[in-house]
Amino acid sequence: MNFLRFIKESFKIILKGNKYYYSWIGFLLVLIIWGATGYIEQFNEGLIVTNMRDPISWAFYIGNFTFLVGVAAAAIMLVIPAYIYNWKPLKEVVIFGELLAVSSLIMCMLFVTVDIGNPLRIWHMLPFVGKINFPDSLLAWDFFVLNIYFFLNLGIVAYLLYTLFYKKEYNRKVLLPFVLFSIPMAIAIHSVTAFLYNGLAARPFWNTALLAPRFLASAFCSGPAVLLILFQLLKKFTNFEIKDEAIWKIAELMAYAMFLNLFFFGSEVFKEIYSDTEHMVHFKYLYQGIGENNDIVFYGWVSVIISFIAFLLFLIPKTRKNIVTLNLGALLIYFGVYIEKGIALLIPGFTPDVLGQIYVYRPSMTEIRTSVAIFSIGFLIFTLLTKVAVAIIFEDFSIDSIQRRKRLD
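Let me begin by describing the structure that accompanies this report.

Cut-offs used in this document
- Residues numbered from 1 in each chain as written.
- Predicted model: local features only at pLDDT ≥ 70, side-chain atom pairs only at ≥ 80, totals over all residues.
- Heavy atoms only, no water.
- Helix = DSSP H or I, 4+ residues; strand = E, 2+ residues; numbered from the N terminus.
- Rg over C-alpha atoms; globule rule 2.2 N^0.38 Å.
- Buried < 20%, exposed > 50% of the residue type's maximum accessible area, 1.4 Å probe, protein only.
- Contact = heavy atoms within 4.5 Å.
- Areas by Shrake-Rupley, 256 points an atom, 1.4 Å probe, with all protein chains shown as cover.
- Lys, Arg positive; Asp, Glu negative; His and termini not counted.
- Charge placed at Lys NZ, Arg CZ, Asp CG, Glu CD.
- Patch = residues over 30% accessible without salt bridge, like charges linked within 9 Å, V, L, I, M, F, W, Y side chains within 5 Å.
- Salt bridge = Lys/Arg side-chain N within 4 Å of Asp/Glu carboxyl O.
- Axes fitted to C-alpha atoms, helices over the stretch in contact; angles between N-to-C directions.
- Parallel < 35°, antiparallel > 145°, perpendicular 65-115°, else oblique.
- Left-handed = near helix turned anticlockwise from the far one by under 90°.
- Core = buried A, V, L, I, M, F, W, Y, C linked by side-chain atoms within 4.5 Å.
- 1 Å grid on protein atoms, 1.4 Å probe; cavity = no way out; pocket = protein on both sides within 12 Å on 5 of 7 lines; lining within 4 Å.
- Points joined across faces, edges and corners; volume = space filled by probe spheres on them.
- Nonpolar A, V, L, I, M, F, W, Y, C, P; charged D, E, K, R; others polar.

### Quick look at the overall build of the protein chain
The number of helices and strands found in the protein chain is 16 helices and zero strands. Expected size for 409 residues packed as a compact globule is a radius of gyration near 22 Å; at 22 Å, the protein chain falls within 12% of this value. By its C-alpha atoms, the protein chain is 75 × 55 × 40 Å across when sized along the principal axes. Across the 409 residues in the protein chain, those meeting the buried criterion constitute 51%. The contacts in the protein chain between residues at least 6 apart in sequence include a share of 78% that link residues at least 24 apart. For the protein chain, the exposed area adds up to about 20,000 Å²; of that, 68% sits on carbon and sulfur atoms. Positive and negative side-chain charges in the protein chain, numbering 33 and 27 respectively, have mean positions lying 12 Å apart.

Set out below in structure tokens:
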């Protein structure tokens, strides 16, 4: 009954807000409706309305999925210093990292759903209902680790907000085992995603043992970059509070992750150029183009350049602690990793195809609209959950305050 009361009161908080809150919610709902009409077309006509074809069968949807898995995994960048090392400046804001992980995982699952075509096919993945082919299938492993990590984060954040709502101390013996388990699971969700790529023997561009470490290093850049921007927006429009030292610590950890990401990238560049095998054709397609086919060369170089600039901004203490250059660096690393995952990883892996043919892929308007709807759903979920979390943590929304207001009434 206590938990149902918590849910009921939280729902009341979601319905209250100022004009900016309602405007943002309304804007997201409009985007969801606009995007959903695009998905309805895909549902009725099939994947033929997308620009995915046999030569490039993983494209915009899977690129977004791969990027968002990294954003979800990055929650442990806050969890480790907050709960393992008991670093107090991050204790109050780590919940928002977990809320971002929950929202990102929901978007991940939606992108997989729209990518498989008819969503009714998802029943094949359900245990005891379909034949999930576990443990032989890497897709089955991905299904399990994503769902386990989702329910872990959802359970942790619900338990923490519930205890704060009832003004109780959380039971460290109950919470800590789940927090500890969430760390290897965060690593697992992005590692298994990387294994989906480099387990494909016919795709030499992805056949590298460094792919999983690169995925993790880039995730620990992009996820915190999103959080840095979100924390400042929350600070401006709500009663959210975060100490400067917490922001600087996150930025410092991002600098280490960015160094590893660039180092791994440099190692891959050396391997491709020095060995100079026939498989270098995929690398050349990304950074030089093949003949007149140079559509993605611009994106490949932009990803590298802005990622390096962001690394320098976060590496130097003076720019890392300046709010303007900090935000600039966060935006650059976000777009750098997004381009890396969405274009520079996927498209060259398929191009040229196994027959040596080049298919130029650009996402169709149906794919763009469907993706806009999914991102808007994720932002909406994060907004509503954050509204409750801010009220409980920073605005004294609790069972005691509710009872006091009732007595006064």
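### Overview of a nonpolar patch on the surface
On the surface, a cluster of nonpolar side chains totalling about 610 Å² of accessible area is made up of L120, W123, L126, F128 and V129. The topology assignment puts L120 in the loop between α5 (94-115) and α6 (138-165). Given a relative accessible area of 60%, L120 falls into the exposed group.

### Description of the pattern of salt bridges
Taken as a whole, this structure holds seven salt bridges when the rule is applied. A salt bridge links K271 to E272; its shortest N-O distance comes to 3.0 Å. The class for K271 is partly exposed, based on a relative accessible area of 34%. Under the relative-accessibility criterion, E272 is labelled buried at 6%. D295 is the salt-bridge partner of R362, the closest N and O atoms lying 2.5 Å from each other. Of this pair, R362 sits in the loop between α14 (346-350) and α15 (365-394) while D295 sits in the loop between α10 (280-287) and α11 (297-315), and the two are 67 residues apart along the sequence. Residues participating in the shared-partner salt-bridge network are R5, E9 and K12.

### A few points about the packing of helix α8 (residues 211-237) against helix α13 (residues 323-344)
In the contact formed by α8 and α13, the axes pass within 9 Å of each other and the chain directions differ by 135°. With respect to each other, α8 and α13 are oriented oblique. The crossing of α8 and α13 is left-handed. Here α8 contributes R214, F215, S218, C221, S222, A225, V226, L228, I229 and Q232 to the contact with α13, which in turn contributes I323, L326, N327, A330, L331, I333, Y334, V337, E340 and K341.

### What about the nonpolar core?
F96, Y149, I189, F231 and F314 are the most contacted members of the largest nonpolar core, which has 119 residues in total. Among all residues touching Y149, those that are not within four sequence positions of it are A72, A73, A75, I76, A101, L105, S182, M185, A186 and I189. By size, the runner-up hydrophobic cluster in this structure holds five residues, among which are Y21, L28, I32 and L380.

### Focus: the layout of surface pockets
The volume enclosed by the largest pocket comes to roughly 1,000 Å³. As for the largest pocket, its lining consists of 35 residues, of which W24, L230, L233, L234 and T383 are closest to the centre. When residues of the lining of the largest pocket are traced back to their parent elements, those giving at least two are α2 (19-45), α3 (60-73), α5, α8, α13 and α15. The biggest single contributor to the lining of the largest pocket is α15, with eight residues. Of the residues belonging to the lining of the largest pocket, the class tally is 25 nonpolar, seven polar and three charged. In this structure, the second largest pocket spans a volume of roughly 640 Å³. As for the second largest pocket, its lining consists of 27 residues, of which V112, I116, I122, M125 and L139 are closest to the centre. Per-element tally for the lining of the second largest pocket: the top contributor is α6, with six residues. By residue class, the composition of the lining of the second largest pocket is 17 nonpolar, six polar and four charged.

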